[in-house]
Amino acid sequence: MQNTTFQMSSIVTRYAPSPTGPQHIGGIRTALYSYLFGKKHGGEIILRIEDTDQNRYVPGAEEFIINSVNWCGFAFTQGVHVGGAHAPYRQSERSELYAKYADQLVKAGHAYIAFDTPAEIEAMKAHLSATGTVMPQYDASTRHLMKNSLTLAPEEVEAKIKAGEAYIVRFKVPENEDVKFYDLVRDWVNINSSQIDDKVLLKSDGLPTYHLANVVDDHEMQVTHVIRGEEWLPSAPLHLLMYRAFGWEDTMPAFAHLPLILKPDPSVLVQNKVRKKEMIVKLPSMYLEAHPEAGEAFQQKGEQFLQQVMRDPVTFQKGLKEDEKDKPEIADFKSWLRDQLYGKLSKRDKELHGIPVFPLTWTDPETGDVNVGYRELGYLPEAFLNYLALLGWNPGNDLELMTMDEMIENFSLEKVHKSPAKFDLDKLNHFQAHYLRNLSADRWLELLKPEVKAAGFDLPSDEYLLGVVDKMKERVTFVSEIPEKADYLFQAPHDFDQNMLSKGWNEEAMQMLRDLIGLYEKQESWTEMEIEEIFKTYIEENEIGIGKLMTPLRLAITGKSFGPGIFEISVLIGKNETLDRIKSALERLQPVG
RNA sequence: GUCCCGUUCGUCUAGGGGUUAGGACUUAAGAUUUUCAUUCUUACAACGGGGGUUCGAUUCCCCCACGGGAUGCCA
């Protein structure tokens, strides 16, 4: 990796999202893989914003992408936010370029100008469908029937343009040609060109479509490796054809199409009794919300249906299939259900499966809807990223927990999976707990302080806080759980575990605690070993079962029945506080039983 | 519908013509522990189905089933 400077500098990858909304974790993973690959080969990693659709532009989306990547802890070497040799990196700022190249293609006979209105195209397709064509499209078989520069006389075309008539540029896809291309993760893929329609290259607003902009920019920016989602696989042959038409085939980038990230398996839902019950009620009302026309009466029917279908995974799978015997309202519900339960991970899956899809919290600028992100939920970026990296890639050994450097070292596109992966929150949480336990003192303080304040406690010293961390880090998955589970480390307990109280808080225990206070008071030096010794000597001398005293002691000091070692806690909070708490408990709590 | 891609424990996956099919998460049991965790040990659990090719197939080929994607003047 350290040698071959020439090879190293020649790699260029890119991440090219469109700012149509918050970046979902699939996008982050694509960005990550582009980064890992680029970094591994010492190359350039470009962030290019594909904002060629004016209608779908969402303010803030671009910042969201950059913030997300920053939070995850990796970076681009070129891009909208940092500049670079190929600036600008926003496609809306490069539009003359695309028009120029589209023109070049038209002149060379690889593309043509078309004047058809959407309605006319629609009519053509409808007509073909009616006469039995399975896949009606604007292509070699139909382009001669339409209004374009292939069918119109040149003067006519000229006149129309002069008159200001709207037009687009379409790519002239060759007829019936096998297009074969190599994909780094899927090997050879073969598609016949008749499957591809004459894609629009330049829209009537003068802006390019993805297909044109992407090919032109990857060429201009000297991109060597295009790493993108599987949804692009079917249009890759088109892109190849375009590189060919431009005469750029020699320098065409290599392609790597990544598998999708899927929703969790719905049969898991069926097997979980609690979740199942929830879903039987929730799904019909969610459907009702989306389809108010179904009518209130639907809710019950929907629940009935689910109850039958969700008996077990097999009935579930069968029951969700299309069935001609279904009543119309159930048929609609079913197809809606399929969309909700299967397929790519989507925004709805936070609600449905408890799986957030955004790295950061996103507030929809139009609706005000808040979609909570991994960061705000308390996930550590390194845990999130490590888990995400493994959803579609694996180094091929048993390595799972990896630092960024290890991921870079081990990464290869050949090891990227072909098949999609389902998101598993349990495993992410395991990673999270692991990384939390290995956090540095500085990070701990940085993360814990706001949580302590948010819980309404006074902020203790850093030293004390690190003591808290030491006692609690093995017991939590999120930092916010610390003030929640160990409130007694920040103030004397207000509430006491009733169950525990009824089991062991009696006259006998109270007397023992009074004895213990006496012994503790005499003890000058206050270390864990010493006070444990006092405790043990006492119970041995009085032949008491250890739990008989330990439980009431813990209860008096913490109010709880579980937690770190009680002597550790006593030392942390100090001698005075320990004694105060025992005394106060003895005053406040009446003996039970 | 048509085209493209995929299919190993419940989940994420390793492997690859002859393996006791390996690891991780989850679940369960045990050890440690004053409790709760952590940690450690153990257990449960998989090659979608059918045909080939082969002495032998989970691995290669074909078909089917299932899952996914694409089929826009969206990306």
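From a predicted model like this one, the values you see are computed outputs, not experimental measurements. (Residues numbered from 1 in each chain as written. Chains lettered and ligands numbered in written order. Predicted model: local features only at pLDDT ≥ 70, side-chain atom pairs only at ≥ 80, totals over all residues. Heavy atoms only, no water.)

(A) Structural view of the protein's contact with RNA strand B. Near RNA strand B there are 64 residues, and of these Arg186, Lys203, Glu474, Arg475 and Gly563 occur at the shortest range. The contact atoms of RNA strand B, taken as those within 4 Å of the protein, divide so that sugar and phosphate hold 71%. With respect to RNA strand B, the backbone of lysine 422 contributes an N or O atom lying 3.0 Å from a phosphate oxygen. Taking isoleucine 566, its main chain carries an N or O atom lying 3.4 Å from a base oxygen of RNA strand B. Of all the secondary structure elements, the ones that give two or more residues to the surface near RNA strand B are α5 (118-130), β5 (168-171), β7 (187-192), β14 (421-422), α18 (425-437) and α25 (546-558). At four residues, the largest contribution of residues to the surface near RNA strand B is made by α18. (Near = heavy atom within 4 Å. Polar contact = N/O pair within 3.5 Å; in protein donor to acceptor, adjacent residues only side chain to side chain. Helix = DSSP H or I, 4+ residues; strand = E, 2+ residues; numbered from the N terminus.)

(B) How the structure looks around the packing of aromatic side chains. Applying the stated rule across the entire model yields 32 aromatic pairs. Aromatic rings pair up to connect Trp71, Tyr374, Tyr379, Phe384, Tyr387, Phe423, Phe431 and Phe478 into one cluster. Note that lysine 160 overlies the ring of phenylalanine 115, its terminal NZ or CZ placed 5.4 Å from the centroid. (Phe/Tyr/Trp six-rings, centres within 6.5 Å; stacked < 30°, edge-to-face > 60°. Lys NZ or Arg CZ within 6 Å of the ring centre and 35° of its normal.)

(C) Region of the structure containing unusual backbone geometry. Each neighbour pair has its own omega, and for alanine 87 with proline 88 the value is 0°, a cis peptide bond. Tracing the sequence through the fold places proline 88 in the loop between β3 (78-79) and α4 (95-107). Unlike most non-glycine residues, asparagine 176 shows phi in positive territory, near 45°. Mapped onto the elements, asparagine 176 comes out in the loop between β5 and β6 (178-183). Relative accessible area serves as the criterion here: at 57%, asparagine 176 is assigned to the exposed category. With a phi close to 50°, glutamate 543 is a non-glycine residue in the positive phi region. Tracing the sequence through the fold places glutamate 543 in the loop between α24 (528-541) and α25. (Buried < 20%, exposed > 50% of the residue type's maximum accessible area, 1.4 Å probe, protein only.)

(D) Inspection of the packing of α25 against helix α27 (residues 575-588) at higher detail. Relative orientation of the contacting elements α25 and α27 amounts to 100°, with a least axis distance of 8 Å. When the interaxial angle is binned, α25 and α27 end up roughly perpendicular. Judged by residue contacts, Leu553, Ala556 and Ile557 of α25 engage Thr578, Arg581, Ile582 and Ala585 from α27. Broken down by class, the residue content of the contact of α25 with α27 amounts to five nonpolar, one polar and one charged. (Axes fitted to C-alpha atoms, helices over the stretch in contact; angles between N-to-C directions. Parallel < 35°, antiparallel > 145°, perpendicular 65-115°, else oblique. Contact = heavy atoms within 4.5 Å. Nonpolar A, V, L, I, M, F, W, Y, C, P; charged D, E, K, R; others polar.)

(E) Spatial organisation of the pattern of salt bridges. Inspection of the entire model under this criterion finds 28 salt bridges. Between arginine 244 and glutamate 177 there is a salt bridge; the shortest N-O distance is 3.1 Å. In this pair, arginine 244 sits in helix α8 (residues 236-246) while glutamate 177 sits in the loop between β5 and β6, placing the two residues 67 residues apart along the sequence. For glutamate 177, a relative accessible area of 28% puts it in the partly exposed group. Of the charged contacts in the structure, one is a salt bridge between lysine 560 and aspartate 487, with a shortest N-O distance of 2.9 Å. (Salt bridge = Lys/Arg side-chain N within 4 Å of Asp/Glu carboxyl O.)

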